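The residues making up each chain are set out below.
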Amino acid sequence: MQQLKCDVLVIGAGLAGCWAAIRAREIAQKVILVDIAKVAKSGKSSFSGAGILCPQESDDLDMWQKEIVEKGQYFSDQDCVRAMLEEQPKRLDEMGQWGMKFEYDKNGKVFRHVGLNHVNTRIITVDSLEMMDALRKRMTGLGVTFLERVMVTDLLTSDGASPTQGYVVGATGFNIRSGETFAINAGATIIATGGTGFFGSMGEGIIQAYRAGAELTGMEFTRAFDEMGFNDRYIGVHLNTYQRLGMKLVNAAGERFMERYLPSLKERGRREDLGLAIVSEGMQGRAPIYMDLRHFDEESMNKLHTLPSISRVVASLEDEGIDFRNQLVKYVVTSGYLWSRAGGIRNNVYGETNLPGLFVAGEAGGYPTHGTYSVGGVNLASCCVGGYRAGEYAARFAGESGTKPLVSEQVKSMEARALQPLKAATGISPANLADEIATFISPARIAVFQDGSTIRKVLDRAEDWQAKAGQLKVEDYHGLVKANRLSSYVQGAEIVYNGHLEREETRSVNIRIDFPFTDNVNWLKWIVQWKDRSGKLAMKKVPVPLYRYPVKPKEYTKIPVNLHYSKPEGE
Amino acid sequence: MGIKSFDQNLCINGCRICIDDCPTDVFAPEPATGKAKAAYPEDCWECLLCEEECPGKAIKISLAAVRKLYYPF
């Protein structure tokens, strides 16, 4: 086992992690950035559509804040929203200095556009891979130490206990090719591992923090449906670009059904609202659903073929015979996989968690800016500002507190736990268990239109999945990644579904057909979940401190939600 | 489908770009030849990075998902 020591350890090299490492290194001497893949070619950010919220000094930031908070259903941490709006111009300037390219209008100003669903806020679109390359170069220049192809498997604590009563003092992990194991001792640790939902990531960073005693919040705003695609086989990436350019959706009868669900936004609605409408159409026998671009004029068609990111995808799909110009394209929603959206490790405007020495940035922290999920572009802006702030305060924390030693017994037991699926003589394959879970949670009555009874069904099975996750067997280090992810995922499922059960209202993707209303009388509350000292999942409700926030609801009422679905008779 | 084809004849010996860059660690070196091979094609997430960066144009990716998809109805 290789032992490393640093002031600040950053886990995850997406946009938030890179920003955290940069800022931490500007203050602290030794910063290690560990990533399961290659820095700047990893995580969601590198492959995102890269629409980034772009406030400028001349903008009315109060109006921006109002829009973001209202669309996030008042669940945003408004301190974080304000910090993001005020500090993002500096972060964008710096990325420009480091080589990220902006698009300019004919007056030489940065070209901003209205994102989907935006009214006052504006975004820019950049090339995501170029953006990440610029950050990598900056980190190389500053002397951030990269530890690539290493998967972190557990956090280490000053008292050797999980959950801890002390400090987080680093992490253990292994090289996913050679199997070499690491114990990294850090003055402060920043988790920037994202959520679930991309490149096989299963929210393991969030669950590692949970095991160490960190509080999670917003986990009930995780959904088991999301990924959309074409013709039952093609994954639809950068779908927001099709939306922005004016795609239409029609059902089997040729009806443009989104007019019934979202009369004003129609197909420009949020991704989860589109997904919900499509599933609802399907449940009422009006599938298949098609995407229609045949009405696109030359300018829109050209954009589809030239805009950064989407053009790569469109060329590849056309190469396979999809003809956007002349044909309807079958459009599907997939399910069975828990996609985090606005849940993660509870943190504040300094990126602090409830555990001393543990900080969080980006989606692993559930984007406190977002509330239940507000407008596009907030995620990446949150990664820049949240990453920068976590880097700053983690470095300051490490400077004040120094690096507390590792507990060697804990290092040994964490290493043994992580390697167990490779040592086991017999057991279950991660692919089989993942298939079992996905098959169980994918039907609409569980993945989308839930009620207390279907949520309890999942929770009943979750115990069994946890037991099976303890009996996984893999053949090599590549497989070991999957085993470690999956055992985090099943712990995550228990947390998510307990959150669904607790939240007796329909809000965002916490859909409860037995509570078809958004309850602003009783439920303007964050659910906070953690692992108590006996190892059990504990929960509390924390009122959103609207009394000290500038943006709040005009009135506190129960607002009915038309789900376009009701429980079948006799079920 | 993920990796539609990998033409070993076009792979440039020792270049390693796909091995170094793949976010899901699909590629590994072939010990005998030093060329790359798709060791874990089942883990391709169709990000298109390898196809774009391969200097020998050895790799063709299909956006058809290689992983099993599940549906709500």
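Described in the following lines is the structure provided in the data block.

Calculation notes
- Residues numbered from 1 in each chain as written.
- Chains lettered and ligands numbered in written order.
- Predicted model: local features only at pLDDT ≥ 70, side-chain atom pairs only at ≥ 80, totals over all residues.
- Heavy atoms only, no water.
- Buried < 20%, exposed > 50% of the residue type's maximum accessible area, 1.4 Å probe, protein only.
- Helix = DSSP H or I, 4+ residues; strand = E, 2+ residues; numbered from the N terminus.
- Pairing = 2+ DSSP bridges.
- Salt bridge = Lys/Arg side-chain N within 4 Å of Asp/Glu carboxyl O.
- Axes fitted to C-alpha atoms, helices over the stretch in contact; angles between N-to-C directions.
- Parallel < 35°, antiparallel > 145°, perpendicular 65-115°, else oblique.
- Left-handed = near helix turned anticlockwise from the far one by under 90°.
- Contact = heavy atoms within 4.5 Å.
- Buried area = accessible area lost by both parts, 1.4 Å probe.
- Polar contact = N/O pair within 3.5 Å; in protein donor to acceptor, adjacent residues only side chain to side chain.
- 1 Å grid on protein atoms, 1.4 Å probe; cavity = no way out; pocket = protein on both sides within 12 Å on 5 of 7 lines; lining within 4 Å.
- Points joined across faces, edges and corners; volume = space filled by probe spheres on them.
- Nonpolar A, V, L, I, M, F, W, Y, C, P; charged D, E, K, R; others polar.

1. Side note on the pairing of strand β6 (residues 150–157) of chain A
Residue and element names in this part refer to chain A.
(1) Moving on: In terms of residue burial, β6 counts as a mostly covered element, since eight of its eight residues are buried.
(2) Moving on: Here seven bridges tie β6 to strand β7 (residues 168–175), and the two strands are oriented antiparallel to one another. Note that in β7 the partner of V150 across the bridge is N175.

2. Some points on the pattern of salt bridges
Residues and elements named next belong to chain A.
(1) Moving on: Taken as a whole and judged by the stated rule, the model has 53 salt bridges over all chains.
(2) Moving on: Two residues, E363 and K44, come together in a salt bridge whose shortest N-O distance is 2.6 Å. A residue pair is termed long-range when its members are at least 10 positions apart, and E363 in the loop between β16 (358–360) and α11 (378–401) and K44 in the loop between β2 (31–35) and β3 (51–53) qualify at 319 residues.
(3) Moving on: The exposure class of E363 is buried, given its relative accessible area of 10%.
(4) Moving on: Across the salt bridge formed by D154 and R211, the nearest N and O atoms sit 3.2 Å from each other. Of this pair, D154 sits in strand β6 while R211 sits in helix α5 (residues 204–212); the two residues are 57 residues apart in sequence, bridging distant segments of the chain. Note on accessibility: D154 and R211 belong to one class, buried.
(5) Moving on: Salt bridges here are not isolated pairs; linked through shared partners, they connect R23, E26, R138, E392 and R396.

3. Digging into the packing of helix α15 (residues 452–469) of chain A against helix α16 (residues 477–502) of chain A
All names here are of chain A.
(1) Moving on: Axis separation between α15 and α16 bottoms out at 9 Å; the angle between their running directions is 160 degrees. One element, α15, and the other, α16, form an angle in the roughly antiparallel class. Judged by the twist between their axes, the crossing of α15 over α16 is left-handed. Between α15 and α16, the residues in contact are G452, I455, R456, V458, L459, W465, Q466 and A469 and S487, V490, Q491, E494, Y497, N498, H500 and L501, respectively.

4. With respect to the interface of chain A and chain B
For interface size, the figure often reported is the accessible area lost on association.
(1) Moving on: Each partner contributes residues to the interface: chain A has 41 residues there, and chain B has 33 residues.
(2) Moving on: Carbon and sulfur atoms make up 56% of the surface buried where chain A meets chain B, a total of about 3,100 Å² over both sides.
(3) Moving on: When residues of chain A are sorted by the area they lose upon contact with chain B, R177(A), F199(A) and H478(A) head the list and together hold 18% of the total.
(4) Moving on: Summed over the shared surface of chain A and chain B, the result is eight salt bridges.
(5) Moving on: Our enumeration of links across chain A and chain B arrives at 20 residue pairs in polar contact (both at pLDDT 80 or more).

5. Brief notes about the environment of K44(A)
Residue and element names in this part refer to chain A.
(1) Moving on: The exposure class assigned to K44 is partly exposed, which follows from its relative accessible area of 31%.
(2) Moving on: Along the chain, K44 and F199 lie 155 residues apart, while their C-alpha atoms are 8.1 Å from each other.
(3) Moving on: The contact partners of K44, leaving out residues within four places of it in the chain, are T196, G197, F198, S340 and E363.
(4) Moving on: Polar side-chain contacts of K44 include one of 3.2 Å to the backbone oxygen of T196.

6. Some points on the sheet that holds strand β18 (residues 525–531) of chain A
Two orientations exist for strands paired in a sheet by backbone hydrogen bonds: parallel and antiparallel.
Residues and elements named next belong to chain A.
(1) Moving on: Taken in spatial order, the four strands make up an open sheet running β15-β9-β18-β19, and their pairing is antiparallel. With partners counted over all chains shown, the strands left at the sheet margins are β15 (344–345) and β19 (537–543), one partner each.
(2) Moving on: Alignment of strand β9 (residues 216–217) against β15, held across two bridges, turns out to be antiparallel. The residue of β15 that forms the bridge with L216 is I345.
(3) Moving on: The sheet contacts of α16 involve β9, β18 and β19, and relative to β19 the element is tilted by about 45 degrees.

7. Describing unusual backbone geometry
Residues and elements named next belong to chain A.
(1) Moving on: Here S162 and P163 are connected by a cis peptide whose omega angle stands at 0 degrees.
(2) Moving on: Tracing the chain through its elements places P163 in the loop between β6 and β7.
(3) Moving on: A positive phi angle, near 85 degrees, is found at A40, a position not held by glycine.
(4) Moving on: Looking at the secondary structure, you find A40 in the loop between β2 and β3.
(5) Moving on: Residue classification places A40 among the buried positions, given a relative accessible area of 1%.
(6) Moving on: Although it is not a glycine, Y367 sits at a positive phi angle of roughly 50 degrees.
(7) Moving on: Following the sequence through the fold, Y367 ends up in the loop between β16 and α11.

8. Comments concerning the sheet that holds strand β14 (residues 329–339) of chain A
Residues and elements named next belong to chain A.
(1) Moving on: Spatial strand order, β11-β10-β14-β13-β12: five strands in an open sheet with antiparallel pairing. Either end of the sheet is taken by a strand with one partner, and the two such strands are β11 (234–235) and β12 (248–250).
(2) Moving on: Taken together, the five bridges between strand β10 (residues 223–230) and β14 define a ladder with antiparallel strand orientation. Across the sheet, residue R223 finds its bridge partner in β14, namely W339.

9. Considering the layout of surface pockets
Residues and elements named next belong to chain A.
(1) Moving on: Its volume calculated, the second largest pocket comes out at about 880 Å³.
(2) Moving on: Looking at the second largest pocket, it is lined by 36 residues, and the ones nearest its centre are Q73, R270, D273, T518 and V561.
(3) Moving on: Secondary structure elements with two or more residues in the lining of the second largest pocket: α2 (61–71), α7 (258–261), α8 (271–283) and β20 (558–560).
(4) Moving on: Residue classes in the lining of the second largest pocket are distributed as 15 nonpolar, twelve polar and nine charged.

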